[in-house]
Amino acid sequence: MVRTLGCSSTCCCWLWCCTSLLGPTVSTRDGGTASTSPFARAAGAGVPRAVSTDIHASYAILGVSASSSSGSSSGASWLGAAQLPMLHASGLRGTGQVVGLGDTGVSTSSCSFADLKVQVPFDDLSTSHRKIAAYFTLHGDSQDGPSGHGTHIAGIIASEATELGVRGNGVAPAARLAVVDLELTSKPGVYNVPDDDIGSSYFDFFRNAGAATVCSPWSYPTHASLEWQIDKYVWEHPDFLPVFPSGNTIGQGSQPPHAPCGAKNVLCIGASFNERETYVEQPSFVHAVLRAEDSSCASSDSNCSQEIRIVPAFFGTTAPLDLEECQAMGKICLSTQSACPECAFDASMLEGVSKTRVVEASPRDGCTALVAFPRGAVCLVYRGNCVFDIKAKMCADAGSVGVIVVNSAATAETLMVGKDSGSAALRIPVVLVSKEDAVLLLASRRLVSFPLVSTGLSPAARAPYSAFGAVAGGRARA
């Protein structure tokens, strides 16, 4: 069946795949070790056999406790990107492992995957190609599609910094890939998933290439027959682990995981946030907040303050470091609420306004010179009648240290882009808030600080675009 599909935001199923493929030897929670790698060879078998290992064992190597890393008392533990170099330096690089990937294809000429001495094994196997163990074109072609989705996922899994120009490592930089291309470049967005014969027309290709774990970043709203096929296949091949995303729920609210997450023998992966520090290092408009607190309360009392969602402007102190790249991605990031490093602004500009009172501008729209505005206060203006940066300039000229633009009730959130030639000279933060939140900000004795990064960002928190909950029959997933 032909499956028309956009990128699955929860396609980061590579994360589990790769943290499980770092081999060769890891310590277990009880102080022992798991032999050779997470995939030890079965006696007399030609395909690696999955061996259950403790992926939290990496903490023994890093020399930190699970609780100190996650910042949570729930017992869950997480590996942040900053810790990967330490794992790699300890020898956990995915050496000898093959990871399966069924996606839009991979750009094999990319410096991440190119081999100057060995040809890419299209519709064949290779034991010598640097990064590609096999590349099957039956359902697609020999290149990635316009979205570059497959190359993106492949790079996160197994990219390796080399003299060819790769700037950073993937999670398992010494691993190789078995690729099944599912998309014709001439028909972007159409995944040719062989869902009427997922075993011999899809999974077998990976197993024959030595991949016992396969990441398939695509899904269906429902597909009971596919789930039955997958369960049957894994029952017959217990050494094999299919990994699927729970699916996107962009603009749909809470949704149960998509098929084939209803299968009993798959690993269904949802999306969570990264460690908060990641967003602090590269702040953008997506997860920005304003903190409003009561001046009569101690600042340490959480009951006296609350976070309010804001959308910082693309000018002033929150101007993106790369405005052109940000404008190309901004609307997508706004609609999905996914991380947007393309729109990162200077981290030193965080909390440019600290514990300052808010004063409503006069005139309220801020389109002309303000009357009797107190210098050193935060200027609150209302959307409409002139462009955003004109409002900001009028507030700045009146001595404001920051600007809050109140969105109209009937208008969706928008990205505030500078239109006036003088916007580049503004050196105060400008942010957008909802009409409902503006009422709170004008309450007596309220002080505001912004822009800040939300304290609710944690690997323990589900990303807003990720499906979760129970699948058909009430079984819990994701």
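Residues numbered from 1 in each chain as written. Predicted model: local features only at pLDDT ≥ 70, side-chain atom pairs only at ≥ 80, totals over all residues. Heavy atoms only, no water.

Student: How should the overall build of the protein chain be read in this particular structure?
Tutor: The helix and strand tally for the protein chain stands at 11 helices and 22 strands. Counting all 478 residues of the protein chain, 51% fall into the buried class. Summarising the internal contacts of the protein chain: among those between residues at least 6 apart in sequence, 70% fall at separations of at least 24. Total accessible area on the protein chain stands at roughly 20,900 Å², and carbon and sulfur atoms take up 53% of it. (Helix = DSSP H or I, 4+ residues; strand = E, 2+ residues; numbered from the N terminus. Buried < 20%, exposed > 50% of the residue type's maximum accessible area, 1.4 Å probe, protein only. Contact = heavy atoms within 4.5 Å. Areas by Shrake-Rupley, 256 points an atom, 1.4 Å probe, with all protein chains shown as cover.)

Student: Sorry, what's going on with helix H10 (residues 388-397) here?
Tutor: Since the α-helix turns once every 3.6 residues, residues separated by three or four places project in the same direction. The complete set of buried residues in H10 reads Phe388, Asp389, Lys391, Ala392 and Cys395. End-on, the buried residues of H10 take up no more than an arc of 155°, which puts them together on one face. One or two residues past the end of H10 sits Gly399, with phi positive at roughly 95°. (Arc of directions from axis to C-beta.)

Student: What exactly am I supposed to notice about the pattern of salt bridges here?
Tutor: For the coordinates displayed, the defined rule picks out seven salt bridges. Among the ionic pairs, Glu160 bridges to Arg93, the shortest N-O distance being 2.9 Å. Here the residue Glu160 occupies a position in the loop between helix H5 (149-158) and strand S8 (176-181), and Arg93 occupies one in the loop between helix H4 (84-89) and strand S6 (98-103), the gap between them amounting to 67 residues. (Salt bridge = Lys/Arg side-chain N within 4 Å of Asp/Glu carboxyl O.)

Student: So what exactly am I meant to see when it comes to unusual backbone geometry here?
Tutor: Across the chain, the bulk of peptide bonds are trans and the bulk of non-glycine residues have phi less than zero. Ala259 connects to Pro260 through a cis peptide bond whose omega is 10°. Mapped onto the secondary structure, Pro260 falls in the loop between strand S11 (241-245) and strand S12 (267-269). Geometrically, the link from Phe450 to Pro451 is a cis peptide bond, its omega value of -10° lying close to zero. Along the chain, Pro451 turns up in strand S20 (residues 446-453). Despite not being glycine, Asn385 has its phi angle at roughly 75°, a positive value. Its location among the elements puts Asn385 in the loop between strand S17 (378-382) and H10.

Student: Whenever I open this one, the sheet that holds strand S13 (residues 288-294) confuses me. Can you help?
Tutor: Whenever strands of a sheet pair, they do so through backbone hydrogen bonds, lying parallel or antiparallel. Taken in spatial order, the eight strands make up an open sheet running S14-S13-S20-S16-S17-S18-S19-S15, and their pairing is mixed. Only two strands of the sheet have a single partner each, and these edge strands are strand S14 (305-309) and strand S15 (311-312). Alignment of S13 against S20, held across six bridges, turns out to be antiparallel. By the bridge assignment for S20, Val289 is matched with Leu452. Its contacts with the sheet place H10 against S17, strand S18 (402-406) and strand S19 (430-433), and it is angled at close to 145° to S17. (Pairing = 2+ DSSP bridges. Axes fitted to C-alpha atoms, helices over the stretch in contact; angles between N-to-C directions.)

Student: Looking at this structure, how should I read the packing of aromatic side chains?
Tutor: Taken as a whole and assessed by the stated rule, the structure comprises 12 aromatic pairs. With a centroid separation of 5.1 Å and an interplanar angle of 90°, the aromatic rings of Tyr202 and Phe206 are classed as edge-to-face. With Tyr202 and Phe206 both in helix H6 (residues 199-208) and four residues apart, the pair spans about one turn of that helix. Under the relative-accessibility criterion, Tyr202 is labelled buried at 0%. Geometrically, the ring pair formed by Phe203 and Tyr233 is tilted, given 5.2 Å between the ring centres and 50° between the ring planes. (Phe/Tyr/Trp six-rings, centres within 6.5 Å; stacked < 30°, edge-to-face > 60°.)

Student: Hey, could you run me through the sheet that holds S11 in this one?
Tutor: Ordered by their spatial adjacency, six strands build an open sheet running S7-S8-S6-S10-S11-S12, and the pairing between neighbours is parallel. Either end of the sheet is taken by a strand with one partner, and the two such strands are strand S7 (132-136) and S12. Looking at each pair of strands side by side, their axes are set apart by 20° on average, direction ignored. The pairing of S6 with strand S10 (residues 213-215) spans two bridges and is classified as parallel. The residue of S10 that forms the bridge with Leu101 is Cys215.

Student: Would you mind going over the environment of Thr356 with me for this structure?
Tutor: Of note, Thr356 is situated in strand S16 (residues 353-360). In contact with Thr356, not counting residues within four places along its chain, are Gly376, Ala377, Val378, Val401, Arg446, Leu447 and Val448. A polar atom in the side chain of Thr356 sits 3.0 Å from the backbone oxygen of Ser354. (Polar contact = N/O pair within 3.5 Å; in protein donor to acceptor, adjacent residues only side chain to side chain.)

Student: What is the right way to read the nonpolar core from this model?
Tutor: Note that soluble globular proteins tend to have their nonpolar side chains buried in a common cluster. One finds Phe285, Phe315, Val403, Val405, Met416 and Val430 to be the most contacted residues of the largest nonpolar core, which totals 30 residues. Looking at this core, the elements that each hand over two or more residues are helix H9 (323-336), S17, H10, S18 and S19. Not counting the four nearest positions on each side in its chain, Val405 is found in contact with Val381, Arg383, Phe388, Met416, Val430, Val431, Leu432 and Val433. Counting 27 residues, the second largest nonpolar core, distinct from the first, contains Ala134, Phe203, Leu226 and Phe240. (Core = buried A, V, L, I, M, F, W, Y, C linked by side-chain atoms within 4.5 Å.)

Student: Help me out: how do you make sense of the pairing of S18 in this one?
Tutor: Successive residues of a regular strand alternate their side chains across the two faces of the sheet. Counting buried residues along S18, five of its five residues qualify, which places the element largely inside the surrounding structure. Here S18 shows no split at all, with Gly402, Ile404 and Val406 on one side and Val403 and Val405 on the other all buried. Bridge count between S17 and S18: five bridges; the pairing is parallel. Paired with Tyr382 across the two strands is Val406, which belongs to S18. The handedness of the S17 to S18 crossover, carried by H10, is right-handed. The sheet contact formed by S18 and S19 spans four bridges and is parallel. Looking at the pairing, Val405 lines up with Leu432 of S19. (Right-handed = clockwise from strand over helix to strand, strands pointing away.)

Student: What is the right way to look at the state of the cysteines in this model?
Tutor: A covalent bond between the sulfur atoms of two cysteines is referred to as a disulfide. Scanning the model with the defined rule gives five disulfides in all. Here Cys261 is linked by a disulfide to Cys268, with a sulfur-sulfur distance of 2.1 Å. The sign of the S-S torsion, about 90°, decides the handedness of the disulfide formed by Cys261 and Cys268: right-handed. Here Cys261 and Cys268 have matching classes, each one buried. The disulfide that involves Cys326 links it to Cys343, with 2.0 Å between the sulfurs. Residues Cys326 and Cys343 are joined through a disulfide that is right-handed, its torsion about the S-S bond being 95°. Pair noted here: Cys326 is in helix H9 and Cys343 is in the loop between H9 and S16, with a separation of 17 residues, a long-range link. (Disulfide = S-S within 2.5 Å.)

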